[in-house]
Every structure is written in structure tokens, then in C-alpha cells.
Amino acid sequence: MKKAPTVVTGTVGMDAHVIGTKVLSRALKDAGFNVVALGMQVSPEEFIKVAQETSADAILMSSLYGMAEIDLRGFKEKYMEAGLSDVIFYIGGILGVGRHDFKEDEEKFKKLGFNRVYPPEADIDAAINDLKNDLKAKGKM
Amino acid sequence: MDNIRLLIDFGSTFTKVVAVDLDEEELIATARVPSTVESDITVGLKEALDKIASSIDITDIEKRKALACSSAAGGLRMVCIGFVPEFTSEAANRAALGAGAKVVGRYSYELTRHEITEIENLSPDIVLLSGGTDGGDEKVIIHNARMLAHSNHSVSHIIVAGNKAAYDEIETIFSDNNKHVLFTKNVMPEIGKLDVEPCNKEIREIFLKNIIEAKGIAKAKAIIDDVIMPTPSAVLEAAKLIANGYGDITGLGELIVIDVGGATTDVHSVAKGNPTGGAITLASSLPEPYVKRTVEGDLGLKYNIDTLMELAKERDDSPNLEKVAKKLHEGNLPEDKEEIAYHLLLSRLAAEVAVNRHAGKIEVIYGPTGEILIQYGKDLTQVKYVIGTGGPIVFSSNPREILEGALFQTEKPDILKPKDPRFYLDEEYILYAVGLLGQVEPIKALNIFKKHLKQV
């Protein structure tokens, strides 16, 4: 049997809305993942370093304060240099300001290097299911 | 007996010699003769030294002890290779520029065979190979090392300054290869962290040990002891010394040096460049170096007049402009009133565009609390000294007009150029000499320079 995949969680940038990532981390643990929960206000660079140290398979970021786009400028370029191109990246929360079309956010964050993007009301179990499928597709689960 | 020191620059067009009296801290003679690197560098050197000797007595010992720099035979030409353009590729570029090199090619991601041919045709003096943070990506740098290993003899000196985890494999790749491969510290060991000093040192060492030999510059050792650095390095050292001061001698503080030349326009800023306006966030890319050099390879008053002419056309669409540009391109100096006016316009543009590219920029984006200002690069709005050097500025009838190209423009408020600087001229064209002398006598170098820094 393969060992449990490692997932890093936290809120990105200066965002302190920590409840979402706590609930998510708990659900991931219950689903059998090895969870490295960084909590709130984690810089993109810290996510990258922790993922390198823990040989993480996925990073799941939360952001509720509408500034994620600014926090994550150049994120894809950074994780590429750091050798994390094979890691799976998800982000969820209130990602845009004054925009009501989630499609716009989704497109923007996919360009920033995220494989999947979730709106604030997303279902946690569905997201974990997506993660399992994506990891299986990469032969990591 | 006077305590005389000779300072020499082997330029691509001119060989320049400056003689200073170290006891009196005075500039006592200067000479400028055409360079003779292509035939025999010592011919021009002897001619320049004879010119100096016609006004002051110099001994062979003083000639021996001369300090020299060189940008002859194309200068120090480098190709920089990294992974992502904004990160290791840019870090490698900064390392090369900081060492006084001319970056003739810049590459990112996995090199293709086509690009290798391109690099072979560029025939660089040194290739700088970077990619990945330490412990980060190994694939790209290893791929690129493999591609370089298959390049022909035009690529001979390679400095590896990337992810250290890949070094063992890269060493194996080059093991049955007769390229000179040197390993040094990663130019970007962590995301957003620059470490260019060790790489700079290696570049300078290769320049001294191999490049000057290959270019025939080392022949000068028949007369003088050594050529110690590339000319742009000497200018950068001078800018640093003048800004920082030395020991008890205070410097001028933060400054910008603009060097308009025949082939390129160089801008050096010695300034922290932190945001000076309120509520401005720094972009999270590579940190800006305190001493920064940029080289605009498309802005020159002789070899690269085309870009300048296109830009000038937007301001003055006269057919005579083209005529004057052609004349300058052929190596002539402006003579009549109209030619001088156009030469001034083109020089001013070179300075303006080069500083626009060098200075930091503000980008406005909209967040939940309204406007958010993000600063890219260095904020130079509070810099108080702008110093001009290089032929087109030094010999201009109106150097201030050219240097004012560095001024903040209200119609371009996003470009962070100096708002209220004073303008100065390196009137005797001795900045390189100050950088050279600064290596051994920094206080004397500073005092001599201050005597020839003229406010315009």
C-alpha cells in the first residue's frame, strides 16, 4: 500500500480568516491524508518551502479577504523554480472583489498556476474527492 | 619625486590614460588615442604614454604600477541562462551586469537546438548557467547543461550557478568534454533571494585569467603589470565609492550615473529604492540591489542610432534628422548648428529612455479597500545627484539638457525618476580612473574626483 499523500493547508497572504482552512484540514485528516496545517497568514514562499521540506503532493490554500490575486502574483513562476511543478495546487474562497462571475476568478487563478479553483460555498467532500482523483491520475494514490 | 599613478582604459575606440599626483591629490595629465587592440594593443598604449610623458616625467616603474581596465574587443560578452525569466534568468542577468559584462543573450526554460546554434553564433566569452533554487527544480538546469555540452568550441567557459542539488550530475555531463566548467553558489538560492557576489568573483577571475589573454589585451603586460577589471566594473566601483564615501570622507549619498556611449547607454543607481510614498506595497519578485547597473544595448549614439532615430521621429519629423543620424553612425562628430542640435536631441533621448527603463514603476490595481499601489523596481524619486559621463555627454555643448532626461515626468507619474536632483558632470571623463584608483587608494580617488565633479 502507498503511504498517505501529504497535503499542506493554510490561508495565504495577510488573510486571517482561519475557520475554513481549519475545517478543511480536519476533513482531510479524517479522509486519511497526512496534513501539514500552517494555519493563517502564510506567505506564498512559506507554502513553497514547507512543500519542499515535506515532499508534499498537494497545496490547498484558502483566502477570504479578496486580496489573493495580489498575494499570489508570480506564484506559478516561483513554484516552478522551486521544483514543484508536479505538485497539485487548489485554492478556494472569496477570490475577487466586486466581481460576480466566478468563471473570471477561476480563469485568473488557473493562470496563476492552480489546478482547481473553488467558490466560497464549495462542498468540502466534493473537493476532497477531486483531490483523490487528481492524485490517482498522477499515480500518487 | 612626485608620487604619480597612471590609470588606463583600453576602450573599444580610444585608449585613455589619466595621470594623478597622489601626494597633491591632483589630476596632472590625460591622453586619448585610438585603440589598437586589433593589431597590437601596445602600439596605442605607447602612443598614449608618450603623450603623457610630453607634459610630465614618468618612469618605467610608474608605467609598471599602472592600473588598467578594458572594454576593448567587444568587452566581456556573456550569455545568461536560467529557468523562469523573472527569477533565475533575471538573477543570472543581474550577476553578469554587476560584474561589468555585456549580456549578449538571455535564455529561459529548456534550451532548444535552435537556441544552442544561436548561442554558438553569439560566441560569448562566458556562459552563465543557472536554474532552480537550491533543492528546487533540477530538470531544467540539467537539460540545459546537456545541451551546452553538445555545443561547439564557440562555447568554452561555463559558470554554473544554479540548484546545487544538480551539480554532481552536471559535473558528470561535462566530464568527457573539454569545456572549462566552473561551479559556484546559486545566484538565487531561495525564492526571491539574490546571492550574486560569489558568481561576480568567478566572472572577474575568468576575465583576468583567460579572456584578456584571448583578446590580445594581455599583451599590454609587456608595459604594465595587469589589467584588473572590465571598464563597466570600474565605473560601477567609482559610483559606489562616490555615493558611500570611505572612512572619514563622506560620500554624496544616493546617486545615479548615466553613461551614454556609442554602442550602449548604461545607467547605474546607488540607492536603496524603497517606497517613499505612503501605502505602497513592494512587488514580491527579486529584491533590488543597492548598486544596480542596467545596460541598454539598443541605445547608442554611433552603432545603435536606429532605435534613437525612430524615437526622435516622434518628436521631430524632419528629413535632416535622418541625415545627421547617418553621419553619426559613420563615426563623425556633429559640426554645424543643426547637427549639434540633433545630436543633443538624440543623446537626451538615450538618457531619458535608459533611465525610464532603469527606474522603478508603480502599478495601480483595485482591491477590496480601493486602489492598491504596487512598486516594481527602485523608487529613485528622492535621489539628489545625477552624474553624467561618456563621450556624448562629457563633450556636449549642453550636458544638462541631456541629463534632464533623468527627471521625473508629470505625464508619466508611474515611473519613479528623481524629482528634484542636481546635475553634475564628470568633466574630465575620469570616472573609470576613480574606480581603478579606488581599489588601492579610495580616499585619494574620492578627493581627486570631487575636484572634477562639475555642477551643470
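Quick notes on the rules
- Residues numbered from 1 in each chain as written.
- Chains lettered and ligands numbered in written order.
- Predicted model: local features only at pLDDT ≥ 70, side-chain atom pairs only at ≥ 80, totals over all residues.
- Heavy atoms only, no water.
- Phe/Tyr/Trp six-rings, centres within 6.5 Å; stacked < 30°, edge-to-face > 60°.
- Lys NZ or Arg CZ within 6 Å of the ring centre and 35° of its normal.
- Contact = heavy atoms within 4.5 Å.
- Buried area = accessible area lost by both parts, 1.4 Å probe.
- Salt bridge = Lys/Arg side-chain N within 4 Å of Asp/Glu carboxyl O.
- Polar contact = N/O pair within 3.5 Å; in protein donor to acceptor, adjacent residues only side chain to side chain.
- Helix = DSSP H or I, 4+ residues; strand = E, 2+ residues; numbered from the N terminus.
- Nonpolar A, V, L, I, M, F, W, Y, C, P; charged D, E, K, R; others polar.
- Buried < 20%, exposed > 50% of the residue type's maximum accessible area, 1.4 Å probe, protein only.
- Core = buried A, V, L, I, M, F, W, Y, C linked by side-chain atoms within 4.5 Å.

Student: Got a minute to help me understand the packing of aromatic side chains in this structure?
Tutor: Any pair of aromatic rings gets described here by the distance separating the centres and the angle formed by the planes. Counted under the stated rule, the structure contains 11 aromatic pairs over all chains. Following the ring pairs from residue to residue traces out a cluster consisting of Phe75, Tyr79, Phe89, Phe109 and Phe114 of chain A. For the cation-ring pair, Arg32 of chain B lies above Phe14 of chain B, with the distance from its terminal atom to the ring centre recorded as 4.1 Å. Stacked on the ring of Tyr385 of chain B, the Lys or Arg Arg422 of chain B has its end atom at 5.1 Å from the ring centre.

Student: What exactly am I supposed to notice about the interface of chain A and chain B here?
Tutor: Many authors give the size of an interface as the accessible area that is lost as the parts come together. Between chain A and chain B, the contact holds 17 residues from the first and 23 residues from the second. Regarding the contact of chain A and chain B, the summed buried area is about 1600 Å², with carbon and sulfur atoms giving 63% of it. On the chain A side of the interface with chain B, the three residues burying the most area are Arg73, Lys78 and Glu81 of chain A, jointly 41% of the side's total. Residues Lys49 of chain A and Glu190 of chain B are paired through a salt bridge, measuring 2.7 Å at the closest nitrogen-oxygen approach. Across the chain A-chain B interface, the total number found is eight residue pairs in polar contact (both at pLDDT 80 or more). Secondary-structure elements contributing two or more residues to the side of chain A that touches chain B are helix H2 (44–54) and helix H4 (75–81) of chain A. Taken together, the residues of the side of chain A that touches chain B sort by class into seven nonpolar, four polar and six charged.

Student: What am I meant to see in unusual backbone geometry here?
Tutor: What you tend to see is this: most non-glycine residues have negative phi, and most peptide bonds are trans. With a phi close to 55°, Gln41 of chain A is a non-glycine residue in the positive phi region. As for its placement among the helices and strands, Gln41 of chain A is situated in the loop between strand E2 (34–37) and H2. You will see that Tyr109 of chain B, though not glycine, has its phi angle at about 60°, which is positive. With respect to the element layout, Tyr109 of chain B can be found in the loop between strand E6 (102–107) and helix H4 (113–122). Among the residues examined, Tyr109 of chain B registers a relative accessible area of 36% and is labelled partly exposed.

Student: Is there a simple way to think about the nonpolar core in this case?
Tutor: The tendency in soluble globular proteins is for nonpolar side chains to be buried side by side. Among the nonpolar cores identified, the biggest contains 79 residues, and Leu72 and Phe114 of chain A together with Phe10 and Ile224 of chain B are the most heavily contacted of them. Looking at this core element by element, the count peaks at six residues for helix H7 (residues 197–214) of chain B. For Phe114 of chain A, the residues in contact, after removing those within four places along its chain, are Met61, Leu72, Phe75, Phe89, Tyr90, Ile91 and Phe109 of chain A. Residues Tyr342, Ala359, Ile402 and Ala406 of chain B belong to the second largest nonpolar core, which totals 35 residues.

Shape is all these values report; function is a separate question.
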